[in-house]
Amino acid sequence: MTPLGVGIDVVDVARVERLLRRSGERALLRLLTAGERAYCVAQPEPAPHVAARIAAKEAAFKAFQSGGARGLVSWREIEVRRADHGEPTLLFHDRARLLAQQLGVCRVLVSLSHSRLQAAAIVLLLS
């Protein structure tokens, strides 16, 4: 497998907490898919989980750009899911799926981490 693009991002959890207090459901509807929203709001402290998903999406945007794709992709066209064993995976929808196809993406690796203060993600696109 050949690397096509890589992206990394870090998000402050406090910033997401402020966003959720200020915009609540409206922010969640704009940033997350239905499945992501359901997962995050089911957590005792949703903000670190929302922050991790924002970081993963930003990292994916950067991976697409480093892979040569310059198309506009929206927040909900990239979805963070948990695989059967709990590891995170990314699903691409609509324009993100088309960009992945154009680049020849066959596999996506994603790693998420979060603490009470920050969330981080790295995404690697492979052909």
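Report on the accompanying structure. (Residues numbered from 1 in each chain as written. Predicted model: local features only at pLDDT ≥ 70, side-chain atom pairs only at ≥ 80, totals over all residues. Heavy atoms only, no water.)

## A closer look at a nonpolar patch on the surface
For the record, the criterion: Any residue with relative accessible area above 30% and no salt bridge may belong to a patch, with like charges joined within 9 Å and the nonpolar Val, Leu, Ile, Met, Phe, Trp and Tyr side chains within 5 Å. Only the protein chains shown count as covering a residue, and every accessible area follows the Shrake-Rupley method with a 1.4 Å probe. The working definition used for a salt bridge is a side-chain nitrogen of Lys or Arg within 4 Å of a carboxyl oxygen of Asp or Glu. Numbering of helices and strands runs from the N terminus; a helix is a DSSP stretch of H or I covering at least four residues, while a strand is a stretch of E covering at least two.
A surface patch of nonpolar side chains, amounting to about 250 Å² of accessible area, comprises Val6, Ile8 and Ile122. With respect to the helices and strands, the residue Val6 is situated in strand 1 (residues 3–12).

## Quick notes on the nonpolar core
Filter applied, for reference: Here the nonpolar core consists of buried residues drawn from Ala, Val, Leu, Ile, Met, Phe, Trp, Tyr and Cys, with membership extended through side-chain atoms lying within 4.5 Å. In this scheme, a residue with accessible area under 20% of its type's maximum is buried, one over 50% is exposed, and one in between is partly exposed, where area comes from a 1.4 Å probe on protein chains only.
Among the nonpolar cores identified, the biggest contains 36 residues, and Phe64, Ile78, Leu90, Phe92, Val123 and Leu125 are the most heavily contacted of them. At 12 residues, the largest contribution of residues to this core is made by helix 3 (residues 46–66).

## A look at the pairing of strand 3 (residues 88–92)
Using the following cut-off: Paired strands are those between which DSSP finds at least two bridges.
Here strand 2 (residues 78–82) runs beside strand 3; their pairing, made up of five bridges, is antiparallel. The residue of strand 3 that forms the bridge with Glu79 is Leu91. Counting the residues in the hairpin turn of strand 2 and strand 3 gives five residues, including Gly86, whose phi is positive at 95°.

## Comments concerning the packing of aromatic side chains
Put simply, the rule reads: Aromatic rings from Phe, Tyr and Trp, taking only the six-membered ring of Trp, are treated as a pair when their centres fall within 6.5 Å; an angle between ring planes under 30 degrees marks them as stacked, one over 60 as edge-to-face, and anything in between as tilted.
For the structure shown, the criterion picks out two aromatic pairs. For the pair Phe61 and Trp75, a centre-to-centre distance of 5.4 Å together with 70° between the ring planes defines the contact as edge-to-face. Of the two residues, Phe61 is situated in helix 3 and Trp75 in the loop between helix 3 and strand 2; the sequence distance between them amounts to 14 residues. According to the relative accessible area criterion, Phe61 is buried, its value standing at 17%. Taking 5.1 Å as the distance between ring centres and 50° as the angle between the ring planes, the aromatic pair formed by Phe64 and Phe92 counts as tilted. Taken together, the residues Phe64 in helix 3 and Phe92 in strand 3 connect sequence positions 28 residues apart.

## Some details on the packing of helix 1 (residues 13–31) against helix 3
The test is simple: As a rule, the C-alpha atoms of each element are fitted with a line to give its axis, helices using only the stretch in contact, and angles between N-to-C directions run from 0 to 180 degrees. Roughly parallel covers angles under 35 degrees, roughly antiparallel covers those over 145, roughly perpendicular covers 65 to 115, and oblique covers all other angles. By the convention used here, residues are in contact when the closest approach between their heavy atoms is within 4.5 Å. Throughout this entry, Asp, Glu, Lys and Arg are counted as charged residues, while Ala, Val, Leu, Ile, Met, Phe, Trp, Tyr, Cys and Pro are counted as nonpolar. The remaining residues, Gly among them, count as polar.
For the pair helix 1 and helix 3, the least separation of the axes is 10 Å and the interaxial angle reads 75°. The orientation of helix 1 relative to helix 3 falls into the category roughly perpendicular. Seen from helix 1, the contacting residues are Val13, Val16, Glu17, Leu20, Leu28 and Leu31; seen from helix 3, they are Ala47, Pro48, Val50, Ala51, Ile54 and Lys57. When grouped by side-chain class, the residues that make up the contact of helix 1 with helix 3 number 10 nonpolar, no polar and two charged.

Taken by themselves, the reported measurements are silent on function.
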